[in-house]
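Working through the structure, step by step
Take a look at the letters that make up each chain.
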Amino acid sequence: MQYRPHRYRTEFPTTVRTPFGPAKAVINDVNETGALMETSVSLLRGHKIEILFLNNRVSGIVQWSAGGRCGVTFRPHLTTTQVDSLRYKQSGHRGIRHNSTGYTEMR
């Protein structure tokens, strides 16, 4: 049995070109070879799609699809820079910042 490389969790909104036309999608996890996506249209195994994000166009093939989610394999694989861009997490604790008050100097 061969395991796939680690995928990074994310919540990246994007647009996907499908055989049915453009659709909204959210990438839930990603690595250089593929991604898990939630799409607004139902895709079938074998569909060729194009993912558009931050001035990038990436081609992919749907490997599986169920319940509005699908697994995509990228052809060609993503670069490290593209993966880092997609790892952006939209929902996060932006209000939490490091605060040094309450700490005392240790001597």
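If you're wondering where the values come from, they're calculated on a predicted model, not measured in any experiment.

Moving on to the packing of aromatic side chains. A full pass over the atoms with the stated rule returns 1 aromatic pair. Plain terms: the ring middles of phenylalanine 12 and phenylalanine 53 are 6.2 Å apart, the flat faces sit at 85° to each other, and that makes the pair edge-to-face. Here phenylalanine 12 is found in strand S1 (residues 8-18), whereas its partner phenylalanine 53 is found in strand S4 (residues 48-53), with 41 residues between them in sequence. The two residues phenylalanine 12 and phenylalanine 53 agree in class, both being buried. When the ring centre of tyrosine 8 is taken as origin, the NZ or CZ atom of arginine 87, which lies over that ring, is 3.8 Å away.

For the rest of this paragraph, the subject is the pairing of strand S3 (residues 34-39). When you tally the buried positions in S3, you get 5 out of 6 residues, the bulk of the element. Note: strand S2 (residues 21-30) against S3, 5 bridges, orientation antiparallel. Counted as the bridge partner of valine 30 is alanine 35 from S3. Taken together, S2 and the strand that follows it, S3, pair antiparallel across an intervening segment of 3 residues. Summarising the sheet, S3 and strand S6 (residues 69-74) pair through 5 bridges and their orientation is antiparallel.

Mapped onto the elements, asparagine 28 comes out in strand S2. Excluding residues that lie within four positions of it along the chain, asparagine 28 makes contacts with Tyr8, Arg9, Thr10, Leu36, Met37 and Glu38.

About the criteria used
Residues numbered from 1 in each chain as written. Predicted model: local features only at pLDDT ≥ 70, side-chain atom pairs only at ≥ 80, totals over all residues. Heavy atoms only, no water. Phe/Tyr/Trp six-rings, centres within 6.5 Å; stacked < 30°, edge-to-face > 60°. Helix = DSSP H or I, 4+ residues; strand = E, 2+ residues; numbered from the N terminus. Buried < 20%, exposed > 50% of the residue type's maximum accessible area, 1.4 Å probe, protein only. Lys NZ or Arg CZ within 6 Å of the ring centre and 35° of its normal. Pairing = 2+ DSSP bridges. Contact = heavy atoms within 4.5 Å.

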